Amino acid sequence: MFAVTAARIDADNPLTGLELGERPDPTVPEGWTTVTVKATALNHHDVWTLRGVGIREERLPIILGCDAAGIDEDGNEVIVHSVIGDPERGGGDETLDPKRSLLSESYDGTFAEKVAVPRRNLVPKPASLSFEEAACLPTAWLTAYRMLFDKAGLQPGSTILVQGAGGGVATALIALGSAAGYRVWATSRTDDKRKRALELGADQVFESGARLPERVDAVMETVGQATWSHSLKALRPGGRIVVSGATSGQVPPAELNRVFFLQLSVVGSTMGTRDQLVRLARFLDKTGVRPRIDRALPLREAREGFAAIIDGDVFGKIVFTT
């Protein structure tokens, strides 16, 4: 089968480790099944793998990709939940399983014509969603769903700030937050991305680091080091930062005096559960909200998509089709 593989690690030039070509069909452990992939979405996680973050070199080569939508062995249209974990070990939440991993970390991922997954990881795809739209959900959109509706602790009408409006998680946060009745503010370095954020449903947009009209109830943070200080300053007393990524760096100044004096909360959030993915798909089916797709490319042209995400030339999700 054709697949996109991380063959080598290069922290400075990640594309040098990317290989496209034929790979053996997946082996299927007991309790697992296969999905014929129709569409799969690119994430920063795939670039971090090529840079050697979160993976050991001896695990290479490994097929990249966390997200997929396709056809199961019984002919059903499904979405693949990418968290490989045991809910029991995580107290009912597989993302808290100490042994959990994502597809493309310990097991081959979804950038292939077929992928093997545990049977419990299959979620029915609503007929109203295309395969390309459904493929955006398991990582970026599920992460946003959990941040907003599980970790933020807010009620509709609250004001949230989304940092870095162009990325997949950020665009999902804007669209989901607007549909759920939050007042959504967003930042971006570019005027074009700020305009697109308004089209997605943001109520106001600002340049990165700009002074805001008032302090917000919560900040949705995926950028990390470059925006961290601004995120802290943007919060009202008692406010909360929900952080699910650090694409610009992971070691910003903590500014602990601001955290304790204003009684701010910093909450981590990673991915989501299978049940949350089911509810996310149902939410999109009911509301008509759809993922913003920056571009859809054949899987054989994956290198172009990787180059775009590395350059930051993206608004929404890059999707590969088989």
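The preceding data block contains the structure.
As a starting point, this report considers the structure included with it.

Cut-offs applied
- Residues numbered from 1 in each chain as written.
- Predicted model: local features only at pLDDT ≥ 70, side-chain atom pairs only at ≥ 80, totals over all residues.
- Heavy atoms only, no water.
- Helix = DSSP H or I, 4+ residues; strand = E, 2+ residues; numbered from the N terminus.
- Rg over C-alpha atoms; globule rule 2.2 N^0.38 Å.
- Buried < 20%, exposed > 50% of the residue type's maximum accessible area, 1.4 Å probe, protein only.
- Contact = heavy atoms within 4.5 Å.
- Areas by Shrake-Rupley, 256 points an atom, 1.4 Å probe, with all protein chains shown as cover.
- Salt bridge = Lys/Arg side-chain N within 4 Å of Asp/Glu carboxyl O.
- Phe/Tyr/Trp six-rings, centres within 6.5 Å; stacked < 30°, edge-to-face > 60°.

1. Digging into the overall build of the protein
Then, number 1: For the protein, the count of helices and strands is 9 helices and 18 strands.
Then, number 2: Over its C-alpha trace the protein gives a radius of gyration of 19 Å, about what one expects of a compact globule, namely 20 Å for 322 residues.
Then, number 3: Seen through its principal axes, the protein has C-alpha atoms that stretch 55 × 40 × 40 Å.
Then, number 4: Per-residue burial for the protein yields a buried fraction of 52% across its 322 residues.
Then, number 5: At a minimum sequence separation of 6, the contacts of the protein that also span at least 24 residues come to 70%.
Then, number 6: Split by element, the accessible area of the protein, about 13900 Å² in all, is 47% carbon and sulfur.

2. Focus: the pattern of salt bridges
Then, number 1: Considering all chains together, one arrives at 18 salt bridges under this definition.
Then, number 2: Across the pair Lys 125 and Glu 77 runs a salt bridge whose closest N-O atoms are separated by 3.1 Å. Note that Lys 125 is positioned in the loop between β10 (122-124) and α2 (131-134) and Glu 77 in strand β6 (residues 77-80), a separation of 48 residues in sequence.
Then, number 3: Residue classification places Lys 125 among the buried positions, given a relative accessible area of 9%.
Then, number 4: Taking relative accessible area as the criterion, Glu 77 reaches 35% and is therefore assigned partly exposed.
Then, number 5: Where Arg 183 meets Glu 214, a salt bridge forms, and the shortest distance between an N and an O atom there is 2.8 Å. Of this pair, Arg 183 sits in strand β12 (residues 183-188) while Glu 214 sits in the loop between β13 (204-207) and β14 (216-221), and the two are 31 residues apart along the sequence.

3. Regarding the packing of aromatic side chains
Then, number 1: Under the definition given, this model contains 8 aromatic pairs.
Then, number 2: Relative to Phe 320, the ring of Phe 111 has its centre 5.3 Å away and its plane inclined at 80°; by these criteria the two rings are edge-to-face. Here Phe 111 is found in the loop between β8 (101-102) and β9 (114-118), whereas its partner Phe 320 is found in strand β18 (residues 317-321), with 209 residues between them in sequence. Like Phe 320, Phe 111 is buried.

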